[in-house]
Structures are given as C-alpha cells and as structure tokens.
Amino acid sequence: ALLGSVDLADLEMVTNIHVGAAITLAQAFLPAMREAGNGRIVLISSRAALGLETRTCYSATKSGMMGMARTWALELGEFGITVNTVAPGPIAATEMFHNVIPEGDPKLDAMAASIPVRRLGLPGDVARAVCFLNDPDNSFITGQTLMVCGGASLGSLAL
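Report follows, based on the coordinates. (Residues numbered from 1 in each chain as written. Predicted model: local features only at pLDDT ≥ 70, side-chain atom pairs only at ≥ 80, totals over all residues. Heavy atoms only, no water.)

What the three strands build is an open sheet, ordered E1-E2-E3; its pairing is parallel. Of all the strands in the sheet, just strand E1 (39-44) and strand E3 (145-148) have a single pairing partner and so form its edges. Neighbour to neighbour, the strand axes of the sheet diverge by 25° on average, direction disregarded. Contacting E1, strand E2 (81-88) and E3, helix H2 (residues 56-76) crosses the sheet at an angle of about 165° to E2. Sheet strands touched by helix H5 (residues 123-134): E1, E2 and E3. Its angle to E2, the strand with the most contacts, is close to 165°. (Pairing = 2+ DSSP bridges. Helix = DSSP H or I, 4+ residues; strand = E, 2+ residues; numbered from the N terminus. Axes fitted to C-alpha atoms, helices over the stretch in contact; angles between N-to-C directions. Contact = heavy atoms within 4.5 Å.)

In structure tokens form, the structure reads like this:
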C-alpha cells in the first residue's frame, strides 16, 4: 500500500512473520550452535529493504532483518556462529513474484532490461548464495548482506 493506506495491522502481521519468526527460530537453534562452537544463520531479506513503492511494511521488516543480522553477528561471533542476510530480487519463477507480475506480462521484459545483467533472477540464484554463506569454510563472513539482484540494488527498480 502507499503510505496513506498503510494499515498498522498489516505491519504487525508482517513483523511477526519476518522478524518474529526469525527470532523464534534462531533462539531454538542457538543452544546447539553454541555447544557445537559453530553455526550459520542466514536470513532472507529483500532488495526491497532499500525501498520500493507500495512496500512500506515489507521493506521495513526486511531492512529490520538486516539490522538483526548485524546485531546477532556481534553477539554470536565469539561462539563461531556467523549471521548474514541474503537480499534477493527480483526473482521470477516464484509464486510471490508472479502474484505481482503475472507470467507473460510485458512488464517482465521491461524489468529485465532495466537490470544490469539484463535478466530476472531465478530461485537457484538465491539458493547458491545461501549455500555459500552456510559453507563451514566461510567462517570469516558475518554481519553482511549479499544482494542477489543482478545489480538492481545499484539503482531504482520500478515494478
């Protein structure tokens, strides 16, 4: 919704989904990771955290996840636990994306042309980033956000 139409009940719901669920899950796994002396937490944020029209609640909670990851990285690093975020967008071939822009819509080609790599992302692009950050050998990367967006985060993105 545009700012004038934002419903605080929507903000509360999205906050519970994005922020609350992340906290609950991290707390559930934290004792085992501390005991093991290592662990990986990767939160899925969004390129929309940098701003996207009509996405007040969504962008607020996704940017909040980035702040949580940085805070947790400071708190958990001494236990060998890294915390990072992956911020995808725009990722085609997903229900969420095609609920906004239906498959076959001419906007898809225009959007792809506006992205530096000239294509929309795919779920595998995001999965590979998460796998990279989860790799046990990548213990020196923490508190970071990896934008998996084909360069869309370098400028503005119009839907």
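What follows is about the pattern of salt bridges. Applying the stated rule across the entire model yields two salt bridges. Ionic pairing is found between aspartate 125 and arginine 128, a salt bridge with its closest N-O pair at 2.7 Å. Placement of the pair is aspartate 125 and arginine 128 together in helix H5, with a separation of three residues, close to one helical turn. Residue aspartate 125 is classed as buried on the basis of its relative accessible area, which comes to 15%. Looking at arginine 128, the relative accessible area reads 54%, which means it is exposed. Each member of the salt-bridge network shares a partner with another, and the members are Arg119, Asp125 and Arg128. (Salt bridge = Lys/Arg side-chain N within 4 Å of Asp/Glu carboxyl O. Buried < 20%, exposed > 50% of the residue type's maximum accessible area, 1.4 Å probe, protein only.)

This part covers the nonpolar core. The biggest cluster of nonpolar side chains holds 15 residues, and the ones touching the most others in it are Ile41, Leu43, Met68, Trp72, Leu76, Ile81 and Val83. Contributions of two or more residues to this core are made by helix H1 (8-36), E1, H2 and E2. Discounting residues that sit within four places of it in the chain, isoleucine 41 has contacts with Ala26, Met33, Trp72, Leu76, Ile81, Thr82, Val83 and Asn84. In this structure, Ile101, Leu108, Ala112 and Ile115 belong to the second largest nonpolar core, which totals ten residues. (Core = buried A, V, L, I, M, F, W, Y, C linked by side-chain atoms within 4.5 Å.)

Turning next to H2. Across its 21 residues, H2 extends 30 Å between first and last C-alpha, which sits within 8% of the 30 Å expected from 1.5 Å per residue. Considered for burial, the residues of H2 that qualify are Cys57, Ser59, Thr61, Lys62, Met65, Met66, Met68, Ala69, Trp72, Ala73 and Leu76. On its buried side, H2 packs onto H1, E1, E2 and E3. (Expected span 1.5 Å × (residues − 1).)

Within this structure, the stated rule accounts for zero aromatic pairs. Here the basic side chain of arginine 34 rests over the ring of phenylalanine 79, its NZ or CZ set 4.4 Å away from the ring centre. (Phe/Tyr/Trp six-rings, centres within 6.5 Å; stacked < 30°, edge-to-face > 60°. Lys NZ or Arg CZ within 6 Å of the ring centre and 35° of its normal.)

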